[in-house]
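Next come the chains, spelled out residue by residue.
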Amino acid sequence: MNIIETLRQAFAAATPEGGEPAAFAAAVRPSTDPKFGDYQANGCMGLAKALKKDPRELARVVAAAVDLAPLAGPPEVAGPGFLNVRLRDDWVAAALRDLLGDERLGLIPPERRKTVVIDYSSPNVAKPMHVGHVRSTVIGESLARIFTALGHEVIRDNHLGDWGSQFGMILWGWKNHRDEAAFAADPVGELARLYRLAQSKIQAGATEVEEAARVETAKLHEGDPENRALWERFMPHCLAALRGVYDRLGVAFDVQLGESFYDPSLADVVQDLEVKGIAVPSEGATVVFVEGMKAPLIVRKQDGAFNYATTDLATIQYREETWHPDEVLYVVDHRQGDHFKALFAVARRWGYGRADLEHVAFGTILGRDRKPFKTRDGDVVGLESLLDEAVAEARKVVDANSPDLDPEQRGRVAEVVGLGAIKYADLSQNRLSDYVFDWDKMLAMNGNTGAYLQYAYARIRSIFRKGDVTPESVRDRRPAIALSHPAERALGVQVLRLPETLELAAGELKPNILTDYLFDLANKFSTFFEECPVLKAESADRRDSRLALCDLTARTMKLGLQLLGIDVIDRM
Ligand code: ARG
């Protein structure tokens with residue numbers, strides 16, 4: 001059950017005359033301080049001002065009218081007109097007891113099931129994946145898992161850049177500088193070398209290389225047999241290399257419809273836009289002018305070639321016709337903001353405005369020097385070596401902290417902790433901000449890190465091992481939950497907040513709302529564990545009640561981390 005939503009509905013129904021129920025309900029928030037109860041309804045002050053009434057008087061009227069049963073009694077009027085809601089202990093205890101037998105931890109199917117397409121990862125193949133791709137992959141995967149857990153239908157689409165100018169660069173490299181033996185031994189490595197070679201020449205001002213690469217791209221698009229054959233030869237290797245990274249990150253797509261997939265429809269897209277008077281000729285190109293934007297969206301270049309934007313328009317059309325999505329999320333670097341703004345405006349004019357198109361933007365990963373993150377030797381960090389480094393760094397921490405585990409176990413722990421650290425560091429940031437990549441910080445066992453949460457989980461598992469009890473047996477006994485200590489109550493209420501947290505994270509498209517929640521959960525568990533003996537509780541009933549809280553916390557932690565794409569381990 002979503003507690004805040006239930007309270008909001010009750011307050012909406014008790015909105016004073018002259019007020020707007022939706023706005024009044026939206027002013028219900030979790031309390032910032034437990035002194036003020038669990039939730040607060042803050043709508044009376046603003047409304048009193050608009051209606052020229054006394055806010056405390058208005059709050060008293062609402063307090064008398066609102067029916068919060070069975071969750072809470074009448075709210076308390078406080079300060080200038082706040083309404084403080086304290087959940088009833090007996091209701092909290094009963095709700096927790098119900099959760100013990102609920103595999104879904106209180107998540108119920110949505111009133112309306114949405115179809116959500118998530119366009120994420122979407123690297124340019126044949127160019128080595130780098131650290132920047134981690135953000136799109138990790139954020140997109142987490143959003144996909146959160147929407148799925150909430151009962152929505154999710155289509156995970158890896159919109160691969162498999163048709164762009166980087167292929168022209170590789171084709172030029174292949175024709176002029178290939179090393180067949182190197183390709184046979186390590187195809188992707190050789191393609192990456194050729195790409196870098198072309199790139200460095202172009203960067204050094206070799207316009208003839210740039211032009212030659214452009215011609216190769218154009219020939220590929222025109223259907224030149226040699227270039228098409230090479231493309232078909234290279235692609236499987238590129239895809240296999242990507243799959244290796246995705247497997248390791250626990251990412252699986254429903255579809256991988258790259259740019260090449262849309263190539264056959266691009267001419268029709270532009271023609272349709274022209275017929276409808278949306279696209280117009282301009283300086284030899286075909287463009288769409290967008291209100292409020294300096295540059296128009298180019299859909300056919302002067303040389304006749306279609307581009308990234310044309311492909312994205314074809315993609316919008318295909319997705320609409322294939323899945324009729326309610327939402328399409330583009331998890332892409334913030335630097336593409338203008339592209340998406342223009343793209344969405346054009347799509348709406350074109351008649352594809354039904355779905356909610358959202359650019360889920362994110363900032364850049366920086367090194368400790370606050371410049372885009374590089375390895376020690378100055379390379380942009382390749383994704384695979386980054387993952388290896390994460391595991392190696394985690395291994396050092398595990399070796400230091402868990403000498404009692406055997407080396408093989410430590411290896412497994414290091415893999416889970418290392419990958420978890422990278423993901424968690426990324427997800428726990430507000431995605432719009434840049435963040436500094438720092439191994440020490442992200443592997444710290446204390447603080448808002450993946451390792452700290454994984455450790456909290458493992459610690460709970462060890463309580464059960466020590467007590468020689470299984471969580472299943474506690475669940476079967478369905479003990480009454482006692483909330484006599486404030487730490488028990490605080491932990492229990494936090495557990496009950498999972499559904500509203502996930503709704504909020506999905507609504508705002510921000511996994512960091514979930515990481516904050518889990519960090520809070522771990523801290524509340526820590527206080528509980530310090531203050532309330534579990535295995536040595538004063539009675540068998542109390543022991544069972546506390547074990548039940550432990551089990552609920554562990555399951556919430558495990559599910560929460562899983563929705564971030566992070567695994568847990570039983571021993572750390
Ligand atoms: N391949 C692009 C890049 O690496 C990202 C594609 C994002 N998705 C989209 N539909 N444009 O910059």
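### Examining the site of the ligand
At step 1: Taken together, Asp119, Ser122, Asn124, His159, Tyr308, Asp312, Tyr330, Val332, Gln336 and Phe340 make up the full set of residues near the ligand.
At step 2: One nitrogen or oxygen atom from the side chain of tyrosine 308 is found 2.8 Å from a nitrogen atom belonging to the ligand.
At step 3: At a separation of 2.9 Å, an oxygen atom of the ligand approaches a polar side-chain atom of glutamine 336.
At step 4: Protein contact buries 88% of the 350 Å² of open area that the ligand shows by itself.
At step 5: Listed by contribution, the elements that provide at least two residues to the shell around the ligand are α14 (308-323) and β10 (327-333).
At step 6: Taken together, the residues of the shell around the ligand break down into four nonpolar, four polar and two charged.

### Re the sheet that holds strand β4 (residues 82-85)
At step 1: Strand order across the open sheet formed by four strands is β1-β2-β4-β3, with antiparallel pairing between neighbours. The open sheet terminates on both sides in strands that have one partner only, identified here as β1 (28-30) and β3 (76-78). Pairs of neighbouring strands in the sheet enclose a mean axial angle of 30 degrees, with direction left out of account.
At step 2: As defined by bridge partners, strand β2 (residues 39-41) adjoins β4 across three bridges and the pair is classed as antiparallel. Its bridge partner being in β4, glutamine 40 is matched across the sheet by asparagine 84.
At step 3: Its contacts with the sheet put helix α4 (residues 55-65) on β3 and β4, and the angle it makes with β3 is roughly 170 degrees.

### A word on unusual backbone geometry
At step 1: At the junction of alanine 69 and proline 70, the peptide bond is cis and its omega measures out at 0 degrees in the coordinates.
At step 2: In this structure, proline 70 sits in the loop between α4 and β3.
At step 3: If you check the backbone angles, serine 122 has positive phi at about 40 degrees while not being a glycine.
At step 4: Looking at the secondary structure, you find serine 122 in the loop between β5 (115-119) and α6 (131-149).

### Observations regarding the packing of helix α22 (residues 498-508) against helix α23 (residues 511-531)
At step 1: Remark: α22 packs on α23, axes separated minimally by 7 Å, with the N-to-C direction vectors making an angle of 155 degrees. In this view, α22 runs roughly antiparallel relative to α23, as classed from their interaxial angle. The segment α22 lies against α23, with Leu498, Thr501, Leu502, Leu504, Ala505 and Glu508 engaging Ile513, Leu514 and Tyr517.
At step 2: Among the residues forming the contact of α22 with α23, the class breakdown is seven nonpolar, one polar and one charged.

### Focus: the side chain of asparagine 307
At step 1: Assignment of secondary structure puts asparagine 307 in the loop between β9 (297-300) and α14.
At step 2: A polar side-chain atom of asparagine 307 sits 3.2 Å from the main-chain amide nitrogen of alanine 309.
At step 3: A polar contact of 2.7 Å, which involves the side chain of asparagine 307, links it to the side chain of threonine 310.
At step 4: Excluding residues within four positions of it along the chain, asparagine 307 makes contact with Ile298, Val299 and Lys301.

### Things to note about α6
At step 1: Between its first and last C-alpha, α6 extends 28 Å over 19 residues, near the 27 Å set by a 1.5 Å rise per residue.
At step 2: Positive backbone phi, at 95 degrees, marks glycine 151, one or two positions downstream of α6.

Criteria and thresholds
- Residues numbered from 1 in each chain as written.
- Predicted model: local features only at pLDDT ≥ 70, side-chain atom pairs only at ≥ 80, totals over all residues.
- Heavy atoms only, no water.
- Near = heavy atom within 4 Å.
- Polar contact = N/O pair within 3.5 Å; in protein donor to acceptor, adjacent residues only side chain to side chain.
- Areas by Shrake-Rupley, 256 points an atom, 1.4 Å probe, with all protein chains shown as cover.
- Helix = DSSP H or I, 4+ residues; strand = E, 2+ residues; numbered from the N terminus.
- Nonpolar A, V, L, I, M, F, W, Y, C, P; charged D, E, K, R; others polar.
- Pairing = 2+ DSSP bridges.
- Axes fitted to C-alpha atoms, helices over the stretch in contact; angles between N-to-C directions.
- Contact = heavy atoms within 4.5 Å.
- Parallel < 35°, antiparallel > 145°, perpendicular 65-115°, else oblique.
- Expected span 1.5 Å × (residues − 1).

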